[in-house]
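# Architecture at a glance
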Amino acid sequence: MSQAASFVVHHIPVCPFSQRVEILLALKGNDAQERVRFEVVDITRPRDAALLAKTRGTTALPVLELPDGRVLKESLVLMRYLDEVLPGPAVAAADPYRRAVEGMLSRLEGDFVQAGYVFVMNQDPDRRGALRERMLEQFARLDAFLVEHAPAGTFLFDDFGWSEAVFTPMFMRFWFLEYYEDFDLPPEPRFERVRRWRTSCLAHPAAQQVTREEIVKSYYDYALGAGNGALPAGRARSSFAFEPHWRTRPWPPRDKYGPPPGDAALGL
Ligand SMILES: N[C@@H](CCC(=O)N[C@@H](CS)C(=O)NCC(=O)O)C(=O)O
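This is a predicted model, so every value here is computed, not measured. (Residues numbered from 1 in each chain as written. Predicted model: local features only at pLDDT ≥ 70, side-chain atom pairs only at ≥ 80, totals over all residues. Heavy atoms only, no water.)

### Brief notes about the pairing of strand β1 (residues 7–11)
Counting buried positions over the five residues of β1 gives five, a clear majority of the element. Neither face of β1 is open: one carries Phe 7, Val 9 and His 11, the other Val 8 and His 10, and all of them are buried. Pairing of β1 with strand β2 (residues 36–40), which is carried by five bridges, proceeds in the parallel orientation. Within β2, the residue paired with His 10 across the bridge is Glu 39. Across three bridges, the pairing between β1 and strand β3 (residues 63–65) is antiparallel. If you follow Val 8 over to β3, its bridge partner there is Glu 65. (Buried < 20%, exposed > 50% of the residue type's maximum accessible area, 1.4 Å probe, protein only. Helix = DSSP H or I, 4+ residues; strand = E, 2+ residues; numbered from the N terminus. Pairing = 2+ DSSP bridges.)

Below is the structure:
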């Protein structure tokens, strides 16, 4: 970020919704990146009053502050706005039909995200099968969409673009399902297309802001049913805390239904 920065994104570094914005900026290039400064928010601490005043009391991030103080919310809205006002190649498709197809695919993200987060946060072993099925249905829905609109390629269109910036952060977060729920796509034809998409999305250089290790360790408390920096019973420090750094902590137990370790055993 240089002196030319004029937009501020308030964000949580490991948040997938913020990563969408980071990916968009990476795709637009240096000139765009230099215009945006990222302000880190620690969600394990009470929210800063000045930021709350700016957002009029809402706490969800990312939030974009414009140079004149106006505030925009919602990652997809931020993506659209920054794509339009910042220099660099447009990430959204230029062709109206293609942009409409991107729009339809983006509309699937809400249910997809919801299915994954409900699954990781579930504490009832008897619900695992149903939640796994629900997650698989969501992947099958994406697969069917891609088969209809882009049967042959890798990405939705020619290259990693808008839709990939929307979904890749979620494919990455769902590493927590693989780790804590032993979830993965079965080798069935109904997932072939979406698997190909996911693999290419995960490998793309514009989407390497987080690692599997950071996600698995940071989201341990989600796996215990405590989201957004909340504390699970018997704990004094959140797995979302910045200190001690996640790299220094041991990998959490994969069995989220077993007796949970305390702060010390988690390296917190
Ligand atoms: N629909 C919102 C979701 C944002 C969201 O849920 N952000 C989470 C972090 S991943 C958050 O800020 N949680 C803290 C809170 O809501 O207080 C978007 O796309 O921007």
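### Notes on the pattern of salt bridges
Applying the stated rule across the entire model yields 17 salt bridges. Residue Arg 212 is joined to Glu 178 by a salt bridge in which the shortest nitrogen-to-oxygen separation is 3.3 Å. Remark: Glu 178 occurs in helix α9 (residues 175–181) and Arg 212 occurs in helix α11 (residues 212–218); sequence separation between them is 34 residues. Among the residues examined, Arg 212 registers a relative accessible area of 27% and is labelled partly exposed. A cluster of three or more residues bridged by salt bridges with shared partners is formed by Arg 128, Glu 181 and Lys 256. (Salt bridge = Lys/Arg side-chain N within 4 Å of Asp/Glu carboxyl O.)

### Overview of unusual backbone geometry
Look at the link from Leu 61 to Pro 62: it is a cis peptide, with omega at 15°. One can find Pro 62 in the loop between α3 (49–55) and β3. Between Glu 243 and Pro 244 the backbone carries a cis peptide bond, its omega angle lying at -10°. Here Pro 244 lies in the segment after α12 (220–223). Positive phi, normally seen in glycine, also occurs at Arg 56, with a value near 55°. Assignment of secondary structure puts Arg 56 in the loop between α3 and β3. The phi angle at Asp 182 is positive, at roughly 55°, despite the residue not being glycine. Within the secondary structure, Asp 182 sits in the loop between α9 and α10 (192–203). Since its relative accessible area comes to 66%, Asp 182 is described here as exposed.

By themselves, these figures tell us nothing about what the structure is for.
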